[in-house]
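Spelled out from the first residue to the last, the chains are:
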Amino acid sequence: MPVSIDEIQSLREFYNAAGQGHVFTFFDDLSTEEQQSLVAQLKDIDPSLINCIYNKIANQKVELLNEIKPFPSERSGSLLTASKETIDEWESTGMKAIAQNQVAVILMAGGQGSRLGSPDPKGCYDINLPSHKTLFQLQAERIIRLQSLASQYSEEENPEVVILWYIMTSGPTRAATMEHFEKHNYFGLKKSNVVFFNQGMMPCVSNDGKILLETKSKVAISPNGNGGIYDALRRDGVLDDLTARGVRYIHSYCVDNCLVKVADPIFIGYCISKEADCGNKVVRKGYPTERIGVTCLSDGKPKIVEYSEIDPAMAALTDSEGQLVYKAGSIANHFYTLDFLQRVKTFEDKLDYHFAKKKIKCVDLQTGEKILPSDPNGIKFEVFVFDVFPFTENLAVYEVDRKEEFSPLKNAPGSGFDCAETSLRDITEQSLRFLQKAGAVVENIQEGVVPVEISPLVSYNGEGLETLAGKILSAPVYINSLEDLSKL
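These figures come from a predicted structure and were not determined experimentally.

So, how was this worked out
Residues numbered from 1 in each chain as written. Predicted model: local features only at pLDDT ≥ 70, side-chain atom pairs only at ≥ 80, totals over all residues. Heavy atoms only, no water. Helix = DSSP H or I, 4+ residues; strand = E, 2+ residues; numbered from the N terminus. Contact = heavy atoms within 4.5 Å. Areas by Shrake-Rupley, 256 points an atom, 1.4 Å probe, with all protein chains shown as cover. Lys, Arg positive; Asp, Glu negative; His and termini not counted. Charge placed at Lys NZ, Arg CZ, Asp CG, Glu CD. Core = buried A, V, L, I, M, F, W, Y, C linked by side-chain atoms within 4.5 Å. Buried < 20%, exposed > 50% of the residue type's maximum accessible area, 1.4 Å probe, protein only. Axes fitted to C-alpha atoms, helices over the stretch in contact; angles between N-to-C directions. Parallel < 35°, antiparallel > 145°, perpendicular 65-115°, else oblique. Left-handed = near helix turned anticlockwise from the far one by under 90°. Salt bridge = Lys/Arg side-chain N within 4 Å of Asp/Glu carboxyl O. Polar contact = N/O pair within 3.5 Å; in protein donor to acceptor, adjacent residues only side chain to side chain. Pairing = 2+ DSSP bridges. Phe/Tyr/Trp six-rings, centres within 6.5 Å; stacked < 30°, edge-to-face > 60°. Nonpolar A, V, L, I, M, F, W, Y, C, P; charged D, E, K, R; others polar. Disulfide = S-S within 2.5 Å. Expected span 1.5 Å × (residues − 1).

Asks: Which parts of the structure should I look at to understand the overall build of the protein?
Replies: Helices and strands together make up the secondary structure of the protein, namely 14 helices and 24 strands. C-alpha atoms of the protein, sized along the principal axes, occupy 80 × 55 × 45 Å. Pairs at least 24 residues apart make up 75% of the contacts formed inside the protein by residues separated by at least 6 positions. As displayed, the protein offers around 23,100 Å² of accessible surface, 48% of which is attributable to carbon and sulfur atoms. Once the 50 positive and 67 negative side-chain charges of the protein are each reduced to a mean point, those two points are 2 Å apart.

Asks: Looking at this structure, I do not really get the nonpolar core. What am I missing?
Replies: Grouped burial of nonpolar side chains is what soluble globular proteins tend to show. In terms of nonpolar packing, the biggest core is built from 65 residues, with Phe197, Ile229, Leu242, Leu341 and Phe381 touching the most fellow members. Those residues within four positions of leucine 341 in sequence are excluded, and the remaining contacts are Ile106, Tyr230, Leu233, Leu239, Ile250 and Tyr336.

Asks: Teacher, can you tell me more about the packing of helix α1 (residues 5-17) against helix α2 (residues 32-43) here?
Replies: The axes of two packed helices give the description: the angle between them and the distance between them. α2 packs onto α1 with a crossing angle of 50° between their chain directions and a minimal axis gap of 11 Å. Taken together, the axes of α1 and α2 lie oblique to each other. Considering how the two elements wind past one another, α1 and α2 form a crossing that is left-handed. Residue-level inspection shows Ile8, Leu11 and Tyr15 of α1 in contact with α2, the latter providing Val39, Leu42 and Lys43.

Asks: Would you mind showing me how to read the pattern of salt bridges here?
Replies: Once their charged atoms are close, side chains differing in charge can pair, the charge on each being opposite to the other. Taken as a whole and assessed by the stated rule, the structure comprises 25 salt bridges. We note a salt bridge from aspartate 231 to arginine 234, for which the minimum N-O separation is 3.3 Å. With aspartate 231 and arginine 234 both in helix α7 (residues 229-235) and 3 residues apart, the pair spans about one turn of that helix. Overall, the relative accessible area of 27% leaves aspartate 231 in the partly exposed class. Put simply, glutamate 348 and arginine 234 hold a salt bridge, and the shortest N to O gap is 2.4 Å. You can see glutamate 348 sitting in the loop between α11 (338-343) and β16 (354-358) and its partner arginine 234 sitting in helix α7, a full 114 residues away along the chain. Relative accessible area serves as the criterion here: at 18%, glutamate 348 is assigned to the buried category.

Asks: What is the right way to look at the environment of glutamate 421 in this model?
Replies: Looking at the secondary structure, you find glutamate 421 in helix α13 (residues 420-437). Sequence separation of glutamate 421 and asparagine 128 is 293 residues, and the distance between their C-alpha atoms is 8.2 Å. With near-sequence residues (within four places) excluded, glutamate 421 lies in contact with Pro413 and Gly414. Within the structure, glutamate 421 has its side chain in polar contact with the backbone nitrogen of glycine 414 (distance 3.1 Å).

Asks: Even after reading the chapter, I still don't get the sheet that holds strand β19 (residues 378-382), so can you show me in this structure?
Replies: Backbone-to-backbone hydrogen bonds join strands into a sheet, with any given pair of strands oriented parallel or antiparallel. Strand order in the open sheet formed by 3 strands is β7-β19-β16, with antiparallel pairing between adjacent strands. Across the chains shown, the open sheet's two edge strands, defined by having one partner strand only, are β7 (205-206) and β16. Bridge count for β7 against β19 is 2 bridges, and the pairing is antiparallel. Residue pairing across strands places valine 205 opposite isoleucine 379, the latter belonging to β19. Strands in contact with helix α3 (residues 47-57) are β7, β16 and β19; relative to β19, the strand with the most contacts, it is inclined by about 100°.

Asks: Honestly, the pairing of strand β20 (residues 395-400) in this entry has me stumped. Any pointers?
Replies: Summarising burial for β20: 6 of the 6 residues are buried, a large majority. Of the two faces of β20, both are covered, the one formed by Leu395, Val397 and Glu399 as well as the one formed by Ala396, Tyr398 and Val400. Across 3 bridges, the pairing between strand β2 (residues 76-78) and β20 is parallel. Following the sheet pairing, glycine 77 is matched in β20 by tyrosine 398.

Asks: Mind showing me how you'd approach the packing of aromatic side chains here?
Replies: In this description, an aromatic ring pair is defined by two values, namely the gap between the centres and the angle between the planes. Per the stated rule, a full pass over the model turns up 19 aromatic pairs. For the pair tyrosine 230 and tyrosine 336, a centre-to-centre distance of 5.9 Å together with 90° between the ring planes defines the contact as edge-to-face. Of this pair, tyrosine 230 sits in helix α7 while tyrosine 336 sits in strand β15 (residues 328-337), and the two are 106 residues apart along the sequence. On the basis of relative accessible area, tyrosine 230 is assigned to the buried category, the value being 2%. With 5.5 Å between their ring centres and 50° between their planes, phenylalanine 384 and phenylalanine 386 make a pair best called tilted. In this structure phenylalanine 384 comes out as partly exposed when scored by relative accessible area, which is 23%. You can call phenylalanine 386 buried: its relative accessible area is 17%.

Asks: Looking at this model, I keep getting lost on the environment of glycine 123. Mind explaining?
Replies: As for its position among the elements, glycine 123 is in the loop between β3 (103-108) and α5 (135-150). The class for glycine 123 is buried, based on a relative accessible area of 2%. Sequence spacing of glycine 123 and leucine 138 is 15 residues, and the spatial spacing of their C-alpha atoms is 9.7 Å. Discounting chain neighbours no more than four positions away, the residues touching glycine 123 are Thr134, Leu135, Phe136 and Val255.

Asks: What am I meant to see in the packing of helix α4 (residues 84-99) against α5 here?
Replies: Running from amino to carboxyl end, α4 crosses α5 at an angle of 100°, the nearest separation of the two axes being 9 Å. The pairing of α4 with α5 is recorded here as roughly perpendicular in orientation. Within the contact between the two elements, α4 uses Met95, Ile98 and Ala99 and α5 uses Leu146, Leu149 and Ala150. In terms of residue class, the contact of α4 with α5 is built from 6 nonpolar, no polar and no charged.

Asks: Just to check I follow, could you spell out the side chain of serine 222 for this structure?
Replies: Within the secondary structure, serine 222 is located in strand β10 (residues 221-223). Ignoring any residue separated from it by four or fewer positions in sequence, one finds serine 222 in contact with Gly200, Met201, Met202, Cys204 and Lys380.

Asks: Would you take a moment to explain the state of the cysteines for this structure?
Replies: Disulfides are covalent bonds that connect the sulfur atoms of two cysteines. Per the stated rule, a full pass over the model turns up 0 disulfides. With no disulfide partner, cysteine 254 has as its closest neighbouring cysteine sulfur the one in cysteine 258, 14 Å distant.

Asks: Even after reading the chapter, I still don't get α5, so can you show me in this structure?
Replies: One full turn of an α-helix is made of 3.6 residues, so residues set three or four places apart face in the same direction. Taking 1.5 Å per residue as the helical rise, α5 with its 16 residues ought to reach 22 Å, and the 23 Å between its terminal C-alpha atoms agrees with that figure. Of all 16 residues making up α5, 14 are buried, and the element is well covered by its neighbours.

In structure tokens, the structure reads:
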């Protein structure tokens, strides 16, 4: 329905009162369709909130934090040091929750593959596995396998175990992501159990806090960071859908980790056993200056502290065992209860926004001409997914083995780290370890080349390969199905 003249005038006054009335500079010269489009966009923006965010952080300086403490050991668990009996208990608890259809997965997949040299969304990226499976396919197949494993924990005779998959896209990646899933028939998952929703957006502002216009009829906007997931879950009805489907626990992660254990039952079981409302999966920081945030207490509250915020001497502190004191490296891999996600709205306005100075295409308000800046001319606002940690009632931290669970894809091929080559290496080396743990011997492995791949449909975490014990296999070894396994 078209917006009335009175509504437009009211909106003008609202923006004028906030000192952002310049967004109407070209309004009277626009077509009716353009006017309606701009008004629709402006109605979704609170200029007073933008002013508040800008004023809060524009002059903020990075300061070293000396009043921080390590995260409490009684609220921490480690897959590296826990007994097999304890790990089995965590896994059983998690599997039972999955078997009761109480677990869902939320995937943060709004990123584009431009840094990787790809025009497609990151999840569509092929790291050059022998199977050429994309990141999306690897994760979908882990869900399928885990549903089958969890069915063994159900008390029903023929249970239908479902792990719902909610995928957060962004404006630029939504269509391509959905097309990818349609093209591959949702990788064997039921279409009704895969739900797409969009990451939120924030207006870009000039360096002095004025909302920028991308064109005469459009505000310049950018994704509001992975922390925008909380608002998006509520706005797009995901929280309502989770409630309606009886979900109690949620696992959330980023798309670019080829080793991610989707809906990890051990992590979920650990958090349930701790009665946590939120959980943070971490890896041990490799060295004091590694560029990774660590989980700490700041002012008595949980917080991810960036490497640049800790005094170097503090970052280098070690304990009696020679381990870094501040070692809990955060990898954007989280557990939530549904109750916690519903509670976020009560403190969302208190979350810390961060900003990045960027080159932003915009319109010159004096001439109406397009500006293609050569230097940063504006600010993009973001909120991070871990910014909710200070508001948790019981955050649990869970440490895992980096080589088994964390291999991020960030950089272009040939970069030497966090790139397609390292992702390929890490996932094929893990497949080789699965075979060796099962008791198989793999011959003809050349140095630097591991031609081994085990489909997640065959094994989620090394299980199901017991029939290979004592067998000698000659590389390459590709096990893409249970049928392939039976032939070895």
